[in-house]
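# Remarks on the overall topology
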Amino acid sequence: MIALFIFILHFWPWVAPNTIHLAIMMFLFAVMGQGWNILGGYAGQASFGHTIFFGTGAYISTVLYIRFGISPWIGILAATLGGIILGIFIGALSFRYGLKGPFFALIMLAFAEIFHMVSLGWGAIGGAEGILIPLAGNAPLKMQFLEKKAFYFIALWMVVGSVYLVWRLERTKTGLYFLACREDHDAAEALGVNTFKAQLIAMALSAGITAMAGTVYAQYLLYIDPNSVFGLLNSVEIMIRPIIGGAGTVLGPLLGSLILTPLAEYSRLILQSYSGVYLMWYGLILVVVIIFLPNGLMGLFKSLHDRYHRRGQ
Amino acid sequence: MDFTFVVQSLLNGLLIGGVYSLVAIGLTVIFGVMKIINFAHGALMMLGMYATYWIATLLQLNVYVAIVFVLPLLFLVGVLFQRFLISPIMNAPEHNQLFLTLGVMLFLQNMAVFLWTPDFRVLKTSYANINYYIGDISISLVHVLAFLMALLFSGLLYIILHKTDLGRAIRAASEEPVGAKLMGINIKRIYWITFGIGSACAGVAGTAITPFFPIYPYVGDIFVLTAYVVVVLGGMGSVFGAFVGGLIIGMADSIGAMILPGSMKSVLSFVIFIMILLFRPTGLFGRQNA
């Protein structure tokens, strides 16, 4: 049934061609949300600077392409690897010293801010003006396509891949270690779980996926700049979807993106001069969800489902 | 880079550092008592700035008189914030509290965009350009006033915390919430008041910088990011630490501005921040067991 659903999704560009941009953004943010979810939802380390991996991915592939003519298809591998290395570096530092909760949130924020400032000031990678990727027409080898459909399929399969990965992860020992770290760090340690290693794996996976999405984002929009890829706002965009949808659930990030991305895109279209207003809705939704649905929408579905079944007995 | 220039930068850093201190004290009081990092703190400061701006322009009052309104207003906002938003989730996992304050930040900032447009506003006063000179070093009157205000309110708060019954109750609630409760302290009320005090600090800091700083919805971000650095440097929850930390970071920022290109001037303070988080999470003045 899931296979059928994915198959049907392939027809979206033909059924609703006007919404294809929306669908691409929705999927890309679902992928990044899934990346955040592995670390923030499963391993219990909420990152407030996840855009650092997204931006790093976007910059690595773009700089490789612009400066050295290396195809973004190779660039995306380099970006993913770069994201993983950066993730392991920050993770090793933070988890070695036992940072968690608000302290981890702050250190991620600080790292992201440093990258933000350095990219603003570093002329060789475009400085504050960012980098414009020159149009190459229909050049599949350079990850540029005349039709948006191609990006739709890439984004769709990234969603499928990341959801599958997390679904599998939930059923492995490593996935259970993540949960153990989240639920009770000290108890997990006492029971012999290598929490340092488990969190590091979560960080690496999380960072890699987010960086990969960064490359596709850069190739799709053909323009990146420090404020949009390293800014605090983008960290919020990445983390808010899994939180609303349900952190620590397989489908939470996708569900969150399904709701928030259209809200953001349409508010931006309708209220052009007040383009920040959609963030007001974000804030409101976030507050309401945290107070009334602490486990997100998936948590709501689960409790409704449980209640229905209990009544049936 | 001559000597006068260095002294001038350090002085400017010190004066603005006082404002960082006050913002950071607000954060650290809230963290000390409730163990919450308030991401909306910058937005509260922004509210304080807009409130000052409107009082000064609409009522034609002196900026520094506006404090009489801004202080209780922000105190009230803080109390309501705690009462209706944070109280219900006090026992939720701690990252939920972070998300909630983040949500409030997004809401307040963009409400300001909606209500007052994203444009920069500048409050014009007759005394904004008054400078005093000692040798070649110039001292701006409004900077000195901001510094003195920060000093005054930090001192006041220190006295409240250490010399009054309310302050003792707040400190008790911060150190031993259960014990404090058993001693008959109304913890919930202490939490309201603490949050009120914290946001009043942000509001007063907002008023202090209004005469020389542009007012716009995202203005709080600059100060609050620095304030996190200060809070961590001074030791989470330590008022004295936050005060000294603010002055240090103010000067570190101006040293950063001398040796690093414009957009990277704060890199230095963020590097200090990360080092402290990793190697000395209790800060320079924090208790070891905190």
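As shown above, the structure is provided for reference.
For the structure given in this document, a descriptive report is provided here. (Residues numbered from 1 in each chain as written. Chains lettered and ligands numbered in written order. Predicted model: local features only at pLDDT ≥ 70, side-chain atom pairs only at ≥ 80, totals over all residues.)

Here we come to the overall build of chain B. Helices and strands together make up the secondary structure of chain B, namely 11 helices and two strands. Taken from N to C terminus, the helices and strands of chain B fall in the order α-α-α-α-β-β-α-α-α-α-α-α-α. Taken over C-alpha atoms, the radius of gyration comes to 19 Å for chain B, in line with the 19 Å a tight globule of 290 residues would show. For chain B, the spread of C-alpha atoms along the three principal axes comes to 60 × 45 × 35 Å. For chain B, buried positions account for 52% of its 290 residues. Long-range contacts, defined as pairs at least 24 residues apart, comprise 77% of the intrachain contacts of chain B with a sequence gap of at least 6. (Helix = DSSP H or I, 4+ residues; strand = E, 2+ residues; numbered from the N terminus. Rg over C-alpha atoms; globule rule 2.2 N^0.38 Å. Buried ≥ 20, exposed ≤ 12 C-beta atoms within 10 Å, placed from the backbone. Contact = placed C-beta atoms within 7 Å.)

Attention now moves to the overall build of chain A. The helix and strand inventory of chain A stands at 15 helices and two strands. When burial is assessed residue by residue, chain A has 50% of its 313 residues classed as buried. The long-range fraction of contacts in chain A, counting pairs at least 24 apart against all pairs at least 6 apart in sequence, stands at 77%.

On to helix α4 (residues 94–116) of chain B. Taking 1.5 Å of rise per residue, the 23 residues of α4 of chain B would be expected to cover 33 Å, and the 33 Å separating its terminal C-alpha atoms lies within 8% of that figure. For α4 of chain B, the tally of buried residues reaches 17 of 23 residues, placing the bulk of the element in the interior. (Expected span 1.5 Å × (residues − 1).)

Quick look at helix α4 (residues 51–68) of chain A now. All names here are of chain A. Compared with an ideal rise of 1.5 Å per residue, which puts 18 residues at 26 Å, α4 spans 25 Å between its outermost C-alpha atoms and is within 8% of the ideal. Of all the 18 residues making up α4, 14 are buried; the element is thus mostly covered by neighbouring parts of the structure. Backbone geometry just after α4 places G69 at a positive phi near 65°.

Ranked by internal contacts, the top residues of the largest apolar core, which has 196 residues, are F27 and L286 of chain A together with V23 and A205 of chain B. If we skip the residues at most four places from it in the chain, L286 of chain A touches I240, I243 and I244 of chain A together with F99, L102, G103 and L106 of chain B. (Core = buried A, V, L, I, M, F, W, Y, C linked by C-beta atoms within 7 Å.)

Moving on: the interface of chain B and chain A. Across the boundary between the two partners, chain B contributes 37 residues, which contact 34 residues of chain A. Elements represented by at least two residues in the side of chain B that touches chain A include exactly α4, α9 (219–234) and α11 (267–279) of chain B. Residues of the side of chain B that touches chain A, tallied by class, amount to 29 nonpolar, seven polar and one charged. (Nonpolar A, V, L, I, M, F, W, Y, C, P; charged D, E, K, R; others polar.)

So, on to unusual backbone geometry. Where the residue is not glycine, phi is negative for most of them; where a peptide bond is considered, it is trans in most cases. All names here are of chain B. A positive phi angle, near 55°, is found at Q60, a position not held by glycine. Relative to the elements of secondary structure, Q60 occurs in the loop between α2 (41–58) and α3 (67–86). Judged by the 7 C-beta atoms lying within 10 Å of it, Q60 falls in the exposed class. At T117, a position not held by glycine, the phi torsion is positive, near 60°.

Next up on the list: the pairing of strand β1 (residues 131–134) of chain B. Residue and element names in this part refer to chain B. In terms of strand pairing, β1 meets strand β2 (residues 137–140) through four bridges, oriented antiparallel. Bridge assignment links Y133 to a residue of β2, and that residue is S138. What sits between β1 and β2 in their antiparallel hairpin is a turn of two residues, with G135 showing a positive phi close to 65°. (Pairing = 2+ DSSP bridges.)

All names here are of chain A. With respect to the element layout, I131 can be found in strand β1 (residues 131–132). Placed 88 residues apart in sequence, I131 and A43 show a C-alpha to C-alpha distance of 35 Å. With sequence-adjacent residues up to four places away left out, I131 is seen in contact with T62, I66, I125, G126 and I224.

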